[in-house]
Amino acid sequence: KSEVRGDPEALAQVLLNLLSNAEKYSGARRQITVELSREAGKTRIRVLDRGRGIPPGAVRHLFKEFYRADDSLTNPVQGSGLGLAIARRILRDHGGDLEYLPRAGGGSIFQVELP
C-alpha cells in the first residue's frame, strides 16, 4: 500500500491548478493526460498537454510570483501569475517539488514529485 501524506486540500489545489492551466493554454488541441507512478519511494504525477508550450526563454521564470510567459494586453487567457509559484511552494512544503518539461510533439509536462 502506497500513500502520500499531506494536506489534502492544498494538494488538491496543486492538481486543480495544473489541470486548469492545461485546459486554459491548450487552445484547439485539448488533449490532457494525467499519469501517476510510484518509484523509489516517491510518487510522481505528470500533467501532459498539447498546448502551445512554454517559450524557452520563459522557462527559468516560470515559477516566479506574478510571472506570465505571455503577458500581452491582448492575451485572451486571464490569470495573475501566482498559480505555479503557489503550487511549487505547497509541494516543497510537503517535501516534494514541481518542474516543467517540454513535451515532444508540442505542449507541456508539469511533473509533481512527492515523498
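The preceding data block contains the structure.
Here is what the cut-offs are and how they apply
Residues numbered from 1 in each chain as written. Predicted model: local features only at pLDDT ≥ 70, side-chain atom pairs only at ≥ 80, totals over all residues. Heavy atoms only, no water. Helix = DSSP H or I, 4+ residues; strand = E, 2+ residues; numbered from the N terminus. Contact = heavy atoms within 4.5 Å. Polar contact = N/O pair within 3.5 Å; in protein donor to acceptor, adjacent residues only side chain to side chain. Core = buried A, V, L, I, M, F, W, Y, C linked by side-chain atoms within 4.5 Å. Buried < 20%, exposed > 50% of the residue type's maximum accessible area, 1.4 Å probe, protein only. Pairing = 2+ DSSP bridges. Axes fitted to C-alpha atoms, helices over the stretch in contact; angles between N-to-C directions. Phe/Tyr/Trp six-rings, centres within 6.5 Å; stacked < 30°, edge-to-face > 60°. Lys NZ or Arg CZ within 6 Å of the ring centre and 35° of its normal.

As a further point, take the environment of E113. Checked against the element boundaries, E113 lands in strand β4 (residues 108-114). Placed 18 residues apart in sequence, E113 and G95 show a C-alpha to C-alpha distance of 8.7 Å. Excluding residues within four positions of it along the chain, E113 makes contact with K42, T43, R44, G96 and D97. Separated by 2.5 Å, the side chains of E113 and R44 make a polar contact.

With 20 residues, the main nonpolar core has L18, L98, F110 and V112 as its most contacted residues. Contributing elements (two or more residues each) for this core: α1 (8-24), β2 (42-49), α2 (83-93), β3 (97-102) and β4. Here this core gets five residues from one element, more than from any other, and that element is α1. Setting aside anything within four residues of it in sequence, one finds V112 in contact with V14, L18, T43, R44, I45, L91, D97 and L98.

Right, let's talk about the pairing of β3 for a bit. Summarising the sheet, β3 and β4 pair through six bridges and their orientation is antiparallel. Bridge pairing links Y100 to F110 in β4. Between β3 and β4, which follow one another and run antiparallel, lie five residues, and G105 among them has a positive phi close to 90°.

With that out of the way, let us pick up the sheet that holds strand β1 (residues 32-39). Taking strand neighbours across the sheet as the criterion, the four strands line up as β1-β2-β4-β3 in an open arrangement whose pairing is antiparallel. Taken across any chain shown, the strands that pair with only one partner, and hence form the sheet edges, are β1 and β3. Averaged over all pairs of adjacent strands, the angle between their axes in this sheet comes to 20°, without regard to strand direction. Running over the sheet, α2 touches β3 and β4 and is turned about 130° from β3.

Two elements, β1 and β2, share eight bridges in a ladder whose sense is antiparallel. If you follow T33 over to β2, its bridge partner there is L48. In sequence, β1 turns back onto β2 through a hairpin of two residues, with A40 there showing a positive phi of about 50°.

Take S26: it is sitting in the loop between α1 and β1. Each C-alpha atom, one on S26 and one on G107, is 7.9 Å from the other, the two residues being 81 residues apart in sequence. Once residues lying within four places of it in the same chain are set aside, the contact partners of S26 are I32, D49, R50 and G51.

Once that is clear, we can look at the packing of aromatic side chains. Applying the stated criterion across every chain, the model contains one aromatic pair. Measuring from ring centre to ring centre gives 5.4 Å for Y100 and F110, while their planes differ by 55°; the resulting arrangement is tilted. One end of the pair, Y100, is in strand β3; the other, F110, is in strand β4, and 10 residues separate them in sequence. The cationic tip of R88 hangs over the ring face of F63; the distance from NZ or CZ to the ring centre is 3.8 Å.

Purely geometric stuff here, so don't read any function into it on its own.
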